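Here is what each chain is made of, one letter per residue.
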Amino acid sequence: MTDDSRPGRPVMLGQNQYGKAENRVVKITRDGATHHIKDLNVSVALSGDMDEVHYSGSNANVLPTDTTKNTVYAFAKEHGIESAEQFGIHLAQHFVTSQEPIETARIRIEEYTWERIEASDANSKFIGADEVKHSFVRKGQETRVTQITYDGSSWEVISGLKDLVVMNSTNSEFWGYVKDKYTTLPEAYDRILATQVAARWRFNWSDDEQRMPHWEKSYEQTKKHMLQAFAETYSLSLQQTLYQMGSRIINNRSEIDEVRFSLPNKHHFLVDLEPFGLKNATDEGAVYFAADRPYGLIEATVLRDGCEAKIPVDLTNL
């Protein structure tokens, strides 16, 4: 039987990686009666000297994916989870420095956030609020994400969020656009602007000699500036709003050099109520049909002047 997959044949191995995907790890930290939760979904991808396992099946350089899974859970206990970024940095460094065949480690993490349940007053017949510090409700606003890549000498950290749904019920227009024989959309001078934000931002921290960002504070402040820009921009297009959101982040967060957005326009159309003898005007408070699909999809990168774009254009691959 001829083996055309061996070196010397007209076939060659390209980029490859392996690891354990979607390791769900929940870490509870107890500070006396006060508990804290970190809830992560961690995916590990390793690459390096892995030609032989593909060509001959030799596992001599292969760290089992089951071992990478075990490492995730052990590190959660040994090192704790200060932030998704810090946890990913610990993991990436470990895999590259402890396994000679591994040249690059990429750690992708989704974080699901929780907030405390507000309990009854202390004089209630139930356990008082001052005693309940271990009950939580999962937040539904967004999923926090990060990707850490380490090649033994330099770091790339790209963080962000997805599924953050926002809306402005006014201060949005859309008019003056190109019209051809297929155009039926009426111009709008007072419309709803809504989107489901997917955003990634790249940190300029890249080596151990630099001062590491405060990951938790950076996330909170970046999200704050993004939302404030969305709320405070009088929008003539979703593209304009996107640029303002990115600009606000770049101008206020010195640790970030690049932001990439993917913003589906969640269309809200005025319902025609004239058949029922009803006027449906925006200035009176209107009734809208929230369209599911199709939707406009607005995507762009906003950069610090002089910086190179490195975040992938297609966020589905990040």
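Above: the structure in question.
Only a predicted model underlies this, so the values are computations on that prediction, with no experimental measurement involved. (Residues numbered from 1 in each chain as written. Predicted model: local features only at pLDDT ≥ 70, side-chain atom pairs only at ≥ 80, totals over all residues. Heavy atoms only, no water.)

Enquirer: Lay out the overall build of the chain in plain terms, naming residues and giving numbers.
Expert: When helices and strands are tallied, the chain shows five helices and twelve strands. The C-alpha atoms of the chain give 25 Å as radius of gyration, which overshoots the globular expectation for 318 residues (20 Å, by more than 25%). Its C-alpha atoms give the chain principal-axis dimensions of roughly 75 × 70 × 45 Å. Classification of the 318 residues of the chain by burial places 40% in the buried group. Carbon and sulfur atoms form 48% of the exposed surface of the chain, whose accessible area is close to 18300 Å². Across the chain, the centroid of the 35 positively charged side chains sits 3 Å from that of the 47 negatively charged ones. (Helix = DSSP H or I, 4+ residues; strand = E, 2+ residues; numbered from the N terminus. Rg over C-alpha atoms; globule rule 2.2 N^0.38 Å. Buried < 20%, exposed > 50% of the residue type's maximum accessible area, 1.4 Å probe, protein only. Areas by Shrake-Rupley, 256 points an atom, 1.4 Å probe, with all protein chains shown as cover. Lys, Arg positive; Asp, Glu negative; His and termini not counted. Charge placed at Lys NZ, Arg CZ, Asp CG, Glu CD.)

Enquirer: Got a sec to walk through helix α5 (residues 238-252)? Specific residues and values, please.
Expert: In this model, α5 (15 residues) spans 21 Å end to end at C-alpha, consistent with the 21 Å of a helix rising 1.5 Å per residue. Taken together, the buried positions of α5 are Leu238, Thr241, Leu242, Met245, Gly246, Ser247, Ile249 and Ile250. In this structure, the buried residues of α5 make contact with β8 (193-203), α4 (215-232), β9 (256-265) and β12 (296-303). (Expected span 1.5 Å × (residues − 1). Contact = heavy atoms within 4.5 Å.)

Enquirer: Describe the pattern of salt bridges, naming the residues involved and giving the relevant values.
Expert: With the rule as written, the count across this model stands at 16 salt bridges. Residue Glu111 is joined to Arg144 by a salt bridge in which the shortest nitrogen-to-oxygen separation is 3.8 Å. With a gap of 33 residues between them, Glu111 in strand β3 (residues 102-112) and Arg144 in strand β6 (residues 143-150) connect regions that are remote in the sequence. Both residues of the pair, Glu111 and Arg144, belong to the buried class. In this structure, Glu255 engages Arg253 in a salt bridge whose closest nitrogen and oxygen atoms are separated by 3.0 Å. Just as Glu255 is buried, Arg253 falls in that class too. Each of Lys38, Glu85, Glu111, Arg144 and Glu216 takes part in one network of salt bridges that share partners. (Salt bridge = Lys/Arg side-chain N within 4 Å of Asp/Glu carboxyl O.)

Enquirer: So what's going on with the packing of aromatic side chains? Residues and values would help.
Expert: Summed over the entire model, instances satisfying the criterion amount to seven aromatic pairs. With a centroid separation of 5.7 Å and 25° between ring planes, the pair formed by Trp175 and Tyr189 is classed as stacked. Here Trp175, found in the loop between β7 (155-168) and β8, pairs with Tyr189, found in the loop between β7 and β8; they are 14 residues apart in sequence, far enough to count as distant. Owing to a relative accessible area of 42%, Trp175 belongs among the partly exposed residues under this scheme. Owing to a relative accessible area of 46%, Tyr189 belongs among the partly exposed residues under this scheme. Between Phe203 and Trp215, the ring centres sit 4.9 Å apart and the planes meet at 85°, which makes this aromatic pair edge-to-face. Within this pair, whereas Phe203 is found in strand β8, its partner Trp215 is found in helix α4, the two being separated by twelve residues in sequence. With a relative accessible area of 4%, Phe203 lands in the buried category. (Phe/Tyr/Trp six-rings, centres within 6.5 Å; stacked < 30°, edge-to-face > 60°.)

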